[in-house]
Amino acid sequence: MARPVWLLGLGATLIAAAPAQAPSLLSAIEPGNWQLHELGGEARALCITDPASLLQIQHGMANCARRLIDDGPRAATVHYTCPGAGHGRTVLKLETPRSLALETQGIDHGEPFDLRYQLTRTGACQSARN
């Protein structure tokens, strides 16, 4: 028998067509400039103004429905679906407020992906007028 999904302290499931409520873990992640290092790949700078953008890093700004699977003080798992673009599952693990691990896998426009990143906060985002 299927049982309803209830999240500790939230009392409701997080399934919506609009961006869902972010896991509380995200409040511990500082916005700013982050070094995004793909394990086995290149590093790149990423300005994160909204930590919830990390939940669907492979699908960027696509309008996706998110469902919180697990939310703990140091880790969160989210499944998301982007109509016409694919879907994914992301696991964020907080090491410190300035360091985290991100694992994401799914389908992006018909192609599978399975990526692992290490992120380190390097400071404030640079202005567009550098």
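If you're wondering where the values come from, they're calculated on a predicted model, not measured in any experiment.

Conventions and cut-offs
- Residues numbered from 1 in each chain as written.
- Predicted model: local features only at pLDDT ≥ 70, side-chain atom pairs only at ≥ 80, totals over all residues.
- Heavy atoms only, no water.
- Disulfide = S-S within 2.5 Å.
- Helix = DSSP H or I, 4+ residues; strand = E, 2+ residues; numbered from the N terminus.
- Buried < 20%, exposed > 50% of the residue type's maximum accessible area, 1.4 Å probe, protein only.

Colleague: Go over the state of the cysteines, please, and point to the residues and values.
Modeller: One pass over the full model with this rule turns up two disulfides. With a sulfur-sulfur separation of 1.9 Å, Cys47 is cross-linked through a disulfide to Cys125. Judged by the torsion about the S-S bond (105°), the Cys47/Cys125 disulfide is right-handed. Of this pair, Cys47 sits in strand β2 (residues 43-48) while Cys125 sits in the segment after β7 (111-123), and the two are 78 residues apart along the sequence. When its relative accessible area of 42% is taken as the criterion, Cys47 is described as partly exposed. The class for Cys125 is partly exposed, based on a relative accessible area of 28%. Residue pairing for Cys64: its cysteine sulfur links by disulfide to Cys82, the two sulfurs lying 1.9 Å apart. The disulfide joining Cys64 to Cys82 has a torsion of about 95° about its S-S bond and is therefore right-handed. You can see Cys64 sitting in the loop between β2 and β3 (65-71) and its partner Cys82 sitting in strand β4 (residues 75-82), a full 18 residues away along the chain. What makes Cys64 buried here is its relative accessible area of 2%. Given a relative accessible area of 2%, Cys82 falls into the buried group.

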